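# Observations on chain architecture
These are the residues of each chain, in order.
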Amino acid sequence: MRVVDMEVLVSEVVGRGTVLAGRYRVLSPVVSDLEGASAWQATDQILDRPVRVRILEHGAVAPALDAARRAALVTDARLVRVLDVGTHEGYGYVVSEQLVGQSLARLVAQGPLTADQARAVVGEAASALEIARRRGVHHLALRPSVLHVSPDGRVLLGGLALDAALLGDSGGDARSTTRADAVGLVRLLYAALTGLWPADPRAPQTPGGETLPPAPIVDGAPVAPADLVPGVPNDLDTLCVVTLGPNDDGPHSPGELVRELEPWGEIRASVAETAVLGGPATAQFPPTGAAAPGGGIPVPSEHDDQDTAPVTVQRQSVRTAFAQQDPPGANRPGTPPPATPSRATALGAAVPSDTETPPTGQPVITPPVFAQAAPPPPPPPVVPAVVRRPVAQATAAAAAAPPPPPPREEPLEAFGFSDVIGAETEPTSTRRFDPTALILILVVIAVIVGVVLAFKALFASLDPSGSSADPDPSSSESAPAVAGEPSQEPSAPEESAAPDGSPPVIASTTSIDPSDADGEHQEDVAKAYDGDPSTFWYTQTYKRDDFAGFKDAVGYAITLTQKTTVTTVTLRTNSNGGNVEIRATDAANPTGGPVLASGPFGPETVFTLDPATETQSLVLWITQLPTAADGGFRLELTEIALS
């Protein structure tokens, strides 16, 4: 009765013609599947565009408005954008872009989707939630009514963070929230493949026309999709069974699910008119076996407008974005080797060593030296250069081919072997540099140097022993070395004992964020012990001292140069209040070990460890944020001193 009275009261406050914030005019109601919230079509009178308004009537209204503000910070084309958040006569409202296209619940009501379409739709939704996860925002209320396919084949996901907050679901720690979204996405995949909804006690049930039949349960888990619908691929069937089973298996984040589903193809949709949530069902999405032959795009019916042809949007996996290019073709068998270097003439001009067209049909590329050459030499000197290329080709071919038959005079005369061998052997020896002699000289020098060094080492080792050949001197010779070792061993304890009386020295530090492996402002952690009070390490700024519910605490881990007894920890900050716990542990286990000291922050706070602890690492575990100078909740740690 209370809920009915509240709805009647809201209808009196917000209805057709109501203008919110002097800007958004409410037009007509649409279906809302969440208790405590109503949805309306509206228009933005300033920008003259259609929008969707959700009126938060009762429940966790304040956390829901805060969640909507956080969702507005995530930008992705597949997430429904939050445009405005505010209150109207005591009721909260959230303005978002209009939801277009059919929901997954309506699509599968016509029949299960094909496997490739289910993979593409859920893969796009998982990619969008992975982007949101990296901004610290989660959905936590995934269901078929929030996943839409627009007329142009785009995926639209609504209710990010808002729906779960309105239901009072905070999600818990980072691991549980990412796991919950991954499991919710697999439930959507199951629904897309079978048209049935695998029950989840965490997710709200969708009332009215958006409700899907429940999936059959066997041994506490939904029946495998392949047992309900023929043709489900083995990888998708296994993914659903493993993730929705009794064990904590399967993907633990939307990003892991993307890797399980990719690559996926295009999303196909044919829509006669734009369909809004709560409006008439006009989309025609290809169910199993409904794909058109050839391209797989469904054929519009005769009632469709002729100008609404199917719109194809190409989807491609990140892993296949870069197609593998064929390597450049290698030289084909029989390709002649490169031409020999050019030969200088008496006039100083370079004469090319190859002036014939290659046998492979490739054009002759004239070297630039021809343009710089002096007037061409007389024809006779050029003749040997002209016949040099056939000689080289014949030599290479002879080396690669099987032994030829007995030589005949005609080929030799045709190729000019008798002239080339006799005429060019001597110029080649004078023109080319033979490194053999230089290598032999270097080897001889190296051998001589090695022999000299060996003799020096030999005589240097014989001199001390030659002065006293008795075994006693040899033992006395080794005695000083042994005696020298104890003299060094006492010095080592003296060096290690010296730092015990001096203040501990910080070797490195790092920040700890339970919700993000990158920490908080990791790039500034060294500023807290650089000796400059004007620089500091600081946390992110929150609206509440309990990190606005995003996490339980943040940490600052300190690693010393060596294991030292720490008695006091002095913290100088630009903040006041809050609470910090000092523990003798490391970043891998920030809450391990007892609390040695704790208390609020101040301009200069000295914490005495009880008891004094010999350690090489400390963790400042900040469980409550202090107040910064601008009124926000943030820690600014200027200097750390240990003793």
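Within any chain, residue numbers begin from 1 and follow the written order of that chain's sequence. Whole-chain, interface and lining totals are the exception, using all residues; otherwise, since this is a predicted model, local features are given only for residues with pLDDT of at least 70 and side-chain atom pairs are given and counted only at 80 or more. Where side-chain values are given, they derive from all heavy atoms of the structure, hydrogens and water being excluded.

## With respect to the overall build of the protein
- Scanning the protein from N- to C-terminus turns up 15 helices and 23 strands.
- Here the protein, with 643 residues, has 41% of them falling under the buried criterion.
- The contact definition used throughout considers only heavy atoms, calling two residues in contact when any of these lie within 4.5 Å. For the protein, contacts bridging at least 24 residues in sequence account for 68% of all contacts bridging at least 6.
- A 1.4 Å probe and the Shrake-Rupley method give the accessible areas. Residues count as covered only by the protein chains that appear here. Accessible area for the protein stands at about 34,200 Å²; split by element, carbon and sulfur atoms hold 58% of it. Numbering of helices and strands runs from the N terminus, with a helix taken as a DSSP run of H or I at least four residues long and a strand as a DSSP run of E at least two residues long. Partly exposed residues are those whose accessible area sits between 20% and 50% of the maximum for their type, while under 20% is buried and over 50% is exposed, using a 1.4 Å probe and protein chains only.

## Here we look at the sheet that holds strand β1 (residues 19-20)
- When DSSP finds two or more bridges between a pair of strands, those strands are recorded as paired. As summarised here, the arrangement of the six strands in space is β1-β2-β3-β4-β6-β5, forming an open sheet in which the pairing is antiparallel. Edge positions in the sheet fall to β1 and β5 (82-88), since each of these pairs with one other strand and no more.
- Bridging between β5 and strand β6 (residues 91-97) involves six bridges; their strand directions are antiparallel. Bridge pairing in β6 places H88 opposite Y91.
- Think of each axis as a best-fit line through the C-alpha atoms, taken over the contacting stretch in the case of a helix, with angles from 0 to 180 degrees between the N-to-C directions. Of the strands in this sheet, β4 (49-56), β5 and β6 touch helix α2 (residues 61-72), which is tilted by about 155° from β5.

## Considering the confidence of the model for the protein
- Values of pLDDT, which run from 0 to 100, indicate the predictor's confidence residue by residue. The predicted model of the protein has a mean per-residue pLDDT of 74, with 65% of residues at 70 or higher.
- A low-confidence stretch, residues 204-209 (pLDDT under 50), is modelled with 13 contacts involving residues beyond four sequence positions or located in other chains.
- A low-confidence stretch, residues 270-375 (pLDDT under 50), is modelled with 162 contacts involving residues beyond four sequence positions or located in other chains.

## Thoughts on the pairing of strand β3 (residues 37-44)
- Taken across its eight residues, β3 has seven buried, putting it largely inside the fold.
- As paired strands, strand β2 (residues 24-30) and β3 are joined by six bridges and run antiparallel to one another. Looking at the pairing, V30 lines up with A39 of β3.
- Here β2 folds back onto β3 in antiparallel fashion, the turn holding six residues, of which G36 has a positive phi close to 95°.
- Relative to β4, β3 is paired through eight bridges, and the arrangement is antiparallel. Bridging across to β4, D44 finds its partner in R49.
- Taking the residues that link successive antiparallel strands as the turn, the β3-β4 hairpin has four residues, and the phi of D48 there is positive, at about 55°.

## Digging into the packing of helix α4 (residues 115-134) against helix α6 (residues 174-194)
- At a minimum axis separation of 9 Å, α4 and α6 run at an interaxial angle of 160°. With respect to each other, α4 and α6 are oriented roughly antiparallel. Crossing hand, α4 versus α6: right-handed. Residue-level inspection shows A115, A118, R119, V122, A125, A126, L129 and R133 of α4 in contact with α6, the latter providing T178, D181, L185, L188, L189, A192 and L193.
- Amino acid classes used here: Ala, Val, Leu, Ile, Met, Phe, Trp, Tyr, Cys and Pro are nonpolar; Asp, Glu, Lys and Arg are charged; the rest, including Gly, are polar. When its residues are assigned to classes, the contact of α4 with α6 shows 11 nonpolar, one polar and three charged. For classification purposes, an angle smaller than 35 degrees is called roughly parallel, one larger than 145 roughly antiparallel, one from 65 to 115 roughly perpendicular, and anything else oblique. Throughout, a crossing is termed right-handed when the near helix is turned clockwise from the far one, and left-handed when it is turned anticlockwise from it by less than a right angle.

## A look at the pattern of salt bridges
- What counts as a salt bridge is simple: a side-chain nitrogen of Lys or Arg found within 4 Å of a carboxyl oxygen of Asp or Glu. Under the definition given, this model contains 23 salt bridges.
- In this structure, the salt-bridge partner of D76 is R78, at a minimum N-O distance of 2.9 Å. For the pair formed by D76 and R78, the shared burial category is buried.
- The structure contains a network of salt bridges with shared partners spanning D33, R54, R143 and D163.

## So, the nonpolar core
- In terms of nonpolar packing, the biggest core is built from 64 residues, with L160, L185 and L189 touching the most fellow members.
- Here L185 is in contact with V122, A125, A126, L129, L142, P254 and L257, once residues within four sequence places are set aside.
- Counting residues in hydrophobic clusters, the runner-up holds 29 residues, among them V525, A528, A597 and L625. In plain words, nonpolar cores are sets of buried Ala, Val, Leu, Ile, Met, Phe, Trp, Tyr and Cys residues tied together by side-chain atoms within 4.5 Å.

## Some thoughts on the packing of aromatic side chains
- Within 6.5 Å between ring centres, the rings of Phe, Tyr and Trp (the latter by its six-membered ring) count as paired, and their orientation is classed by plane angle as stacked under 30 degrees, edge-to-face over 60, tilted in between. Evaluated as defined, the whole model comprises four aromatic pairs.
- Geometrically, the ring pair formed by Y542 and F547 is edge-to-face, given 5.5 Å between the ring centres and 75° between the ring planes.
- One aromatic cluster in this structure is built from Y542, F547 and F550.

## Observations concerning the sheet that holds strand β7 (residues 102-103)
- Pairing is antiparallel in the open sheet, where three strands are placed in the order β7-β8-β9. Strand pairing shows two members of the sheet lacking a second neighbour, β7 and β9 (155-157), which therefore form its edges.
- The pairing of β7 with strand β8 (residues 147-149) spans two bridges and is classified as antiparallel. Counted as the bridge partner of S103 is H148 from β8.

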